[in-house]
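Listed below, chain by chain, are the residues.
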Amino acid sequence: MIPPWLSGVYLRNGPGQFEAGDDKVAHFFDGFALMHKFEISDGKVSYSSRFLRGDAYIEATEQKRLVYSGFGTVAFPDPCKNIFSRFFSYFWPPTPSDNCNVNYLQVGEDFYALTESSKIVKIDPKDLKTVTTSDEATYDYTAVNLATAHPHYGRDGTVYNMGSSFGMQAYYKIIKFPSADLQRDSTVLCQIPASSSLYPSYYHSFGMTENYIVFVEQPLTINVLKILTAAYGRHSVADCMDYDGTRSVKFYVINREDGTIIPQTYTANAFFCFHHINAYEESGHLVVDLCCYDDISIIKHSYLSHIREGNLPNPKSLSKRFVLPLEKLLTDQLANYNLVSLPYTEAQACLLEDGSVHCSPEILINQYLELPRINYEEYNGKKYQFFYASSGDHKKLVKVDTLNKTSKEWTDSLCYTSEPVFVPNPGGEAEDDGVVLCSMIDLKAVGQSPYLVVLDATTFEELARAEIPVDIPFGIHGIFIPEIK
Ligand SMILES: [Fe+2]
């Protein structure tokens, strides 16, 4: 039974159409944004969906071809143009796509669909209609070429996001929106110079604690020269990425108040990460929990050519805890001395002779997990105990106890899980007092309709499920809105 207190709208976003005319999308991440709405009220669930009508979708529909390139898909110039304009369009830098199929951003009472380009599209969560196109709502005023689809929210409603700008010096920028007026009041809180302007890091999310922003510069890099000529070379963004497993990861810690970068250098052995789970400060340490991969095979395995052969992506990311000592370090301390003094973690941090601190993580749980979510409203940036995730094979939902290093699992032998979203009980006090919502995708092959499952977040037992009598493709991220104004 759905708890009586559970009332609101669960919005999900994700790719939902993989062709335009005869053109086929090459990479799963590039399907046209299909928004899903599960409205929950009085113990009942109603479902609706609508395509995001940004320029990428409208032009592709009208022209019956892919007009904008995406993460792993290359669009070709209009065949109707004459040969000269086609030739020059190869040299023109690719226009960012507004196919915002990854997540949502809430700024005040306004909602936007997000992807990783500089474009955002305003939507109305009541009817999923597209309110403005990307011409009217962009990050362009903060001059970023890419931005994450994982903004963070301060307790006062301030929104933080990160984006990259390419140029003679590439920067990772922290953008701050203090109010609903995106264009008027947004500022760049900090510019972190990339270690290499020719090969800046790709990143999908970042961490935020009560006082700091945590940015991970990982060795999955973007070849800037290649991406600037992508249209000529017929490269997608993914084609312009390189992973060097011999290069270290660098952690940057930035003061949220004044944007200063802590001068200490923190490193770790190479890994690739899509998602930060959470981060917090404790006793002079910064704890950073991440879903870490040893390579980038997950990106390669998400090409539709791979999926269409029946090989569903199986993310092999492990939940790892890094602990960064924040207090001023004395260079005469012994090298290789573990600076982490938190009693409950095996993570280590050693001061090296060059003055840098090398961090070795602790594996929180020895199981492949992705799409992590927490009780964000109350515990983002704070010491926390639980996160919820999908197993790598998408057969289970898992609740992880990060303090006791234990887990609870829920499975349905026929299900294919997506991201589990925690919704707090408004009258609850415990961190895990609430429900976990998860949309199970189209299971026609095994004779089962897709459905929304509601789990008790404390016991991780099923409370209810609502079957959806239409196809629902695998989505990426979602948000729960208790009340739409
Ligand atoms: Fe994500």
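Going along each chain's sequence as written, the residues are numbered from 1 onward. Whole-chain, interface and lining totals are the exception, using all residues; otherwise, since this is a predicted model, local features are given only for residues with pLDDT of at least 70 and side-chain atom pairs are given and counted only at 80 or more. In computing side-chain properties, one takes all heavy atoms of the structure into account and sets aside hydrogens as well as water.

1. Digging into the overall build of the chain
So, step 1. Helix and strand counts for the chain come out as eight helices and 34 strands.
So, step 2. Each of the 485 residues in the chain was classed as buried or not, and the buried ones make up 55%.
So, step 3. Long-range pairs, those at least 24 residues apart, make up 58% of the contacts in the chain between residues at least 6 apart in sequence.
So, step 4. Per-residue and other accessible areas were derived by the Shrake-Rupley procedure at a 1.4 Å probe size, with only the shown protein chains allowed to occlude residues. Summing over all exposed atoms, the chain offers an accessible surface of approximately 20600 Å²; the carbon and sulfur share of this is 50%. The way it works is that DSSP assigns letters per residue, a run of H or I at least four long becomes a helix, a run of E at least two long becomes a strand, and they are numbered from the N terminus. Working definition: with a 1.4 Å probe on protein chains only, accessible area under 20% of the residue-type maximum means buried, over 50% means exposed, and in between means partly exposed. It only takes one pair of heavy atoms within 4.5 Å for two residues to be counted as in contact.

2. As for the coordination of the iron ion
So, step 1. A 2.8 Å cut-off from the metal defines N, O and S donors, relaxed to 3.2 Å for Na, K and Ca; water is not in the atom list, so some sites may appear incomplete. On the protein side, the iron ion has His 150 (NE2), His 204 (NE2), His 275 (NE2) and His 477 (NE2) as donor atoms, found 2.0 to 2.1 Å from it.
So, step 2. One chain supplies every donor to the iron ion, and in sequence these donors are spaced H-x53-H-x70-H-x201-H. Of this pair, His 150 sits in the loop between β10 (146-147) and β11 (152-153) while His 204 sits in the loop between β14 (187-193) and β15 (207-208); the two residues are 54 residues apart in sequence, bridging distant segments of the chain. The pair His 150 / His 204 is uniform in exposure class, with both members buried.

3. So, the environment of Phe 177
So, step 1. Along the chain, the position of Phe 177 falls in strand β13 (residues 171-177).
So, step 2. Residue Phe 177 is classed as buried on the basis of its relative accessible area, which comes to 1%.
So, step 3. Linking Phe 177 and Thr 158, residues 19 residues apart in sequence, is a C-alpha distance of 5.7 Å.

4. Things to note about helix α1 (residues 55-63)
So, step 1. All of the buried residues along α1 are Asp 55, Ala 56, Tyr 57 and Ala 60.
So, step 2. Residues of α1 that are buried make contact with β1 (8-17), β2 (19-20), β4 (32-41) and β5 (44-51).
So, step 3. At the C-terminal side of α1, Lys 64 shows a positive phi close to 55 degrees.

5. Thoughts on the side chain of Asn 99
So, step 1. Looking at the secondary structure, you find Asn 99 in the loop between α2 (83-91) and β6 (103-107).
So, step 2. Asn 99 sits in the buried class, given a relative accessible area of 11%.
So, step 3. Contacts described as polar in this section are N or O atom pairs within 3.5 Å, which, within protein, must combine one atom able to donate a hydrogen with one able to accept it, while residues neighboring in sequence count only if both atoms come from side chains. For Asn 99, the side chain forms a polar contact with the main-chain oxygen of Asp 30, separated by 3.3 Å.

6. Points about the UniProt feature "binding site: Fe cation" (unreviewed entry) in the chain
So, step 1. UniProt positions are given in the numbering used here, feature names are shortened, and annotations may be inferred rather than shown by experiment. If you check UniProt for "binding site: Fe cation" (unreviewed entry), the listed places come out as His 150, His 204, His 275 and His 477 in our numbering. Across 328 residues, the annotated set stays spatially compact, with a maximum C-alpha separation of 12.6 Å.
So, step 2. On the accessibility criterion, His 204 (7% relative accessible area) is buried.
So, step 3. The contact partners of His 204, leaving out residues within four places of it in the chain, are Val 102, Glu 116, Thr 148, Ala 149, His 150, Phe 274, His 275 and His 477.
So, step 4. Reaching out from His 204, the side chain makes a polar contact with the side chain of Glu 116 at a distance of 2.6 Å.
So, step 5. Judged by its relative accessible area of 7%, His 275 falls in the buried class.
So, step 6. Within the structure, His 275 has its side chain in polar contact with the side chain of His 150 (distance 3.3 Å).

7. Concerning the pattern of salt bridges
So, step 1. The term salt bridge refers to a side-chain nitrogen of Lys or Arg lying within 4 Å of a carboxyl oxygen of Asp or Glu. In total, this model carries eleven salt bridges according to the counting rule given.
So, step 2. A salt bridge links Glu 419 to Arg 373, with the nearest nitrogen and oxygen atoms 3.0 Å apart. With Glu 419 in the loop between β29 (406-411) and β30 (421-424) and Arg 373 in strand β26 (residues 362-373), this residue pair connects regions lying 46 residues apart in the sequence.
So, step 3. You can call Glu 419 buried: its relative accessible area is 1%.
So, step 4. Since its relative accessible area comes to 21%, Arg 373 is described here as partly exposed.

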